[in-house]
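What follows is each chain in one-letter form.
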Amino acid sequence: MSTPTIAIDRSAYLDTAPLQPGDRVRFVSPSGLGSAESLERAVGYYRDWGLEVVVGEHVLDPHPRASYLAGADDGRRQDLVDAWLDPDADAVVCIRGGYGAMRLLDGLDWGQLRDAALRRDGRPKLLTGSSDITALHEAFRVNLDVPTLFCPMVGNDVFRDSAFVRDDVRRWLFEPWRGRDIVGRKTSVLVPGVAEGRFTGGNLSLLAGAMGAAESLDRPGGILFLEDVDEETYRLDGFLVQLGRAGRLADASGIVLGSWHNCGDLEAVRALAEELLPSLGVPVLWEQGFGHDPDALSIPLNVDGTLVARPDEPVRLTIGGSL
């Protein structure tokens, strides 16, 4: 496990907006392959927000064997490294998910990336993306200790189809984060209680798939966010048991369950959560809304926040501050 050697303020975006018009963002595709049409549309959204967009050289490369990958590992990895090392880059934007980000991790020089983690203004560069990009969120947290944003990706159809998603992502990029409440419209309380700590997590299957890897040995505690897509209940059962056996669930001060899009009978998924999670003795929220929901919320990771789920009170899930 690596230890940061430069001073990185992971709370930098609580009180200052991550981006402003004129900033440079680098588009990369560490996972799946998109289309020229979706890339053009993605570039248009961010340029319309006043940002300078630089597209990675390999984002539209086909893989010689696997149609599910955006080119060879070396090319995808080089795009990611080039984007992060760019001294004028303010954010690195993963434009779509799928599968493949985990394949890049062992070839990264974390010392080199740490040395380039700060922008010209001294704040950390921002990594954004969701789903398969969970692998990068976790590795960047452990090795770089930078704040990241788990958000719908600009190259995916959900960004085109949901004005809510576009507006929510824009706000996270152009407004400070402190005090923002991120309780979704369908959120309910599975286990009441209060919690505080660092926000970590993401896609459940990616977290389970990383068990045994270097980044999984870090036990951050705090509030753990979990969601998934296109998985059957028995597989979600296995993933949760894996996290439980590895101690990741027991370390959490609270658990926030997001969307379970196309995961079969939602009541069966809820019953599974009700069976496995209450014994942890921490508050648990159900269907908070982040993940693969058609109007998915964004979640900042590696920042601190609070969860308040008391009986007869509105649920609160707030960025920054303490109980």
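The structure this text deals with has already been given above.
Residues numbered from 1 in each chain as written. Predicted model: local features only at pLDDT ≥ 70, side-chain atom pairs only at ≥ 80, totals over all residues. Heavy atoms only, no water.

Trainee: Help me get a handle on the overall build of the chain, residues and values and all.
Mentor: Within the chain one finds 11 helices and 13 strands. Expected size for 323 residues packed as a compact globule is a radius of gyration near 20 Å; at 18 Å, the chain falls within 12% of this value. With the C-alpha coordinates of the chain rotated into their principal frame, the extents come out at 50 × 45 × 40 Å. For the chain, the residues scored as buried account for 58% of the 323 residues in total. Pairs at least 24 apart in sequence give 79% of the contacts found in the chain among residues at least 6 apart. Surface summary for the chain: the accessible area is close to 12,700 Å², and the carbon and sulfur share equals 47%. In the chain, the 32 positive side-chain charges and the 49 negative ones have mean positions that sit 2 Å from each other. (Helix = DSSP H or I, 4+ residues; strand = E, 2+ residues; numbered from the N terminus. Rg over C-alpha atoms; globule rule 2.2 N^0.38 Å. Buried < 20%, exposed > 50% of the residue type's maximum accessible area, 1.4 Å probe, protein only. Contact = heavy atoms within 4.5 Å. Areas by Shrake-Rupley, 256 points an atom, 1.4 Å probe, with all protein chains shown as cover. Lys, Arg positive; Asp, Glu negative; His and termini not counted. Charge placed at Lys NZ, Arg CZ, Asp CG, Glu CD.)

Trainee: Outline the nonpolar core, listing residues and values.
Mentor: In this structure, Val25, Phe27, Tyr46, Val154, Leu173, Trp177 and Phe199 are the most contacted members of the largest nonpolar core, which totals 46 residues. Residues in contact with Phe27, not counting those within four places in the same chain, are Leu39, Ala42, Val43, Tyr46, Val53, Val54, Val55, Gly56, Val59, Val93, Ile95 and Val154. Within the second largest apolar cluster, 25 residues are counted, among which are Val92, Cys94, Ala139 and Phe140. (Core = buried A, V, L, I, M, F, W, Y, C linked by side-chain atoms within 4.5 Å.)

Trainee: Could you give an account of the sheet that holds strand E10 (residues 284-286), with specific residues and numbers?
Mentor: In a beta sheet, neighbouring strands are held together by backbone hydrogen bonds and run either parallel or antiparallel to one another. Strand order across the open sheet formed by 7 strands is E6-E10-E9-E8-E7-E12-E13, with mixed pairing between neighbours. Both outer strands of the open sheet, strand E6 (188-191) and strand E13 (316-319), are each paired with one neighbouring strand and no more. If you compare each strand with its neighbour and ignore which way they point, the axes differ by 30° on average. Pairing between E6 and E10: 3 bridges, direction antiparallel. Bridging from a neighbouring strand, Val191 pairs with Val284 of E10. Of the strands in this sheet, E6, strand E9 (254-261) and E10 are in contact with helix H11 (residues 266-276), which crosses E6 at around 40°. (Pairing = 2+ DSSP bridges. Axes fitted to C-alpha atoms, helices over the stretch in contact; angles between N-to-C directions.)

Trainee: Before we move on, could you go through the packing of helix H9 (residues 233-246) against H11 and cite the residues and values that matter?
Mentor: Look at H9 against H11: their axes get within 10 Å of each other, and the N-to-C directions meet at 25°. Classified by the angle their axes make, H9 and H11 are roughly parallel. In this structure, H9 meets H11 at a crossing whose hand is right-handed. Between H9 and H11, the contacting residues are Thr233, Leu236, Asp237, Leu240 and Val241 on the first element and Ala268, Val269, Leu272 and Leu276 on the second. Of the residues in the contact of H9 with H11, the class split is 7 nonpolar, 1 polar and 1 charged. (Parallel < 35°, antiparallel > 145°, perpendicular 65-115°, else oblique. Left-handed = near helix turned anticlockwise from the far one by under 90°. Nonpolar A, V, L, I, M, F, W, Y, C, P; charged D, E, K, R; others polar.)

Trainee: Give me the lowdown on the packing of aromatic side chains, citing residues and values where you can.
Mentor: A complete count under the given rule lists 14 aromatic pairs for this structure. Ring geometry for Trp49 and Phe174: centres 6.2 Å apart, planes at 85°, overall edge-to-face. In this pair, Trp49 is assigned in the loop between helix H2 (36-48) and strand E2 (52-55) and Phe174 in helix H7 (residues 163-174), connecting sequence segments 125 residues apart. For Trp49, a relative accessible area of 18% puts it in the buried group. Among the aromatic residues, those joined into a cluster by ring pairs are Phe27, Tyr45, Tyr46, Trp49, Phe159 and Phe174. Sitting above the plane of the Trp84 ring, Lys125 keeps its charged end 5.9 Å from the centroid. Just above the ring of Trp172 sits the side chain of Arg180; from NZ or CZ to the centre is 3.9 Å. (Phe/Tyr/Trp six-rings, centres within 6.5 Å; stacked < 30°, edge-to-face > 60°. Lys NZ or Arg CZ within 6 Å of the ring centre and 35° of its normal.)

Trainee: With reference to specific residues and values, describe the sheet that holds strand E5 (residues 148-150).
Mentor: The 6 strands are arranged E2-E1-E3-E4-E5-E11 in an open sheet whose pairing can be described as mixed. What marks the edges here is a single partner per strand, and that holds for E2 and strand E11 (299-301). Averaged over all neighbouring strand pairs, the angle between strand axes comes to 25°, with direction disregarded. For strand E1 (residues 24-28) and strand E3 (residues 89-94), the ladder comprises 5 bridges, and the chain directions are parallel. Looking at E3, one finds that Arg26 is bridged to Val92. Its contacts with the sheet put helix H3 (residues 73-85) on E1, E3 and strand E4 (126-129), and the angle it makes with E1 is roughly 170°.

Trainee: A description of helix H5 (residues 134-144) should follow, citing residues and the corresponding values.
Mentor: Counting buried residues in H5 gives 11 out of 11 residues, a clear majority hidden from the surface. Along H5, the positions that sit buried rather than exposed are Thr134, Ala135, Leu136, His137, Glu138, Ala139, Phe140, Arg141, Val142, Asn143 and Leu144. Phi turns positive one or two residues past the end of H5, at Asp145, with a value near 60°.

Trainee: Provide a residue-level description of the environment of Asp82, including the pertinent values.
Mentor: Position of Asp82 relative to the elements: it lies in helix H3. Under the relative-accessibility criterion, Asp82 is labelled partly exposed at 34%. Spatially, the C-alpha atoms of Asp82 and Glu57 are 9.6 Å apart, while their sequence positions differ by 25 residues.

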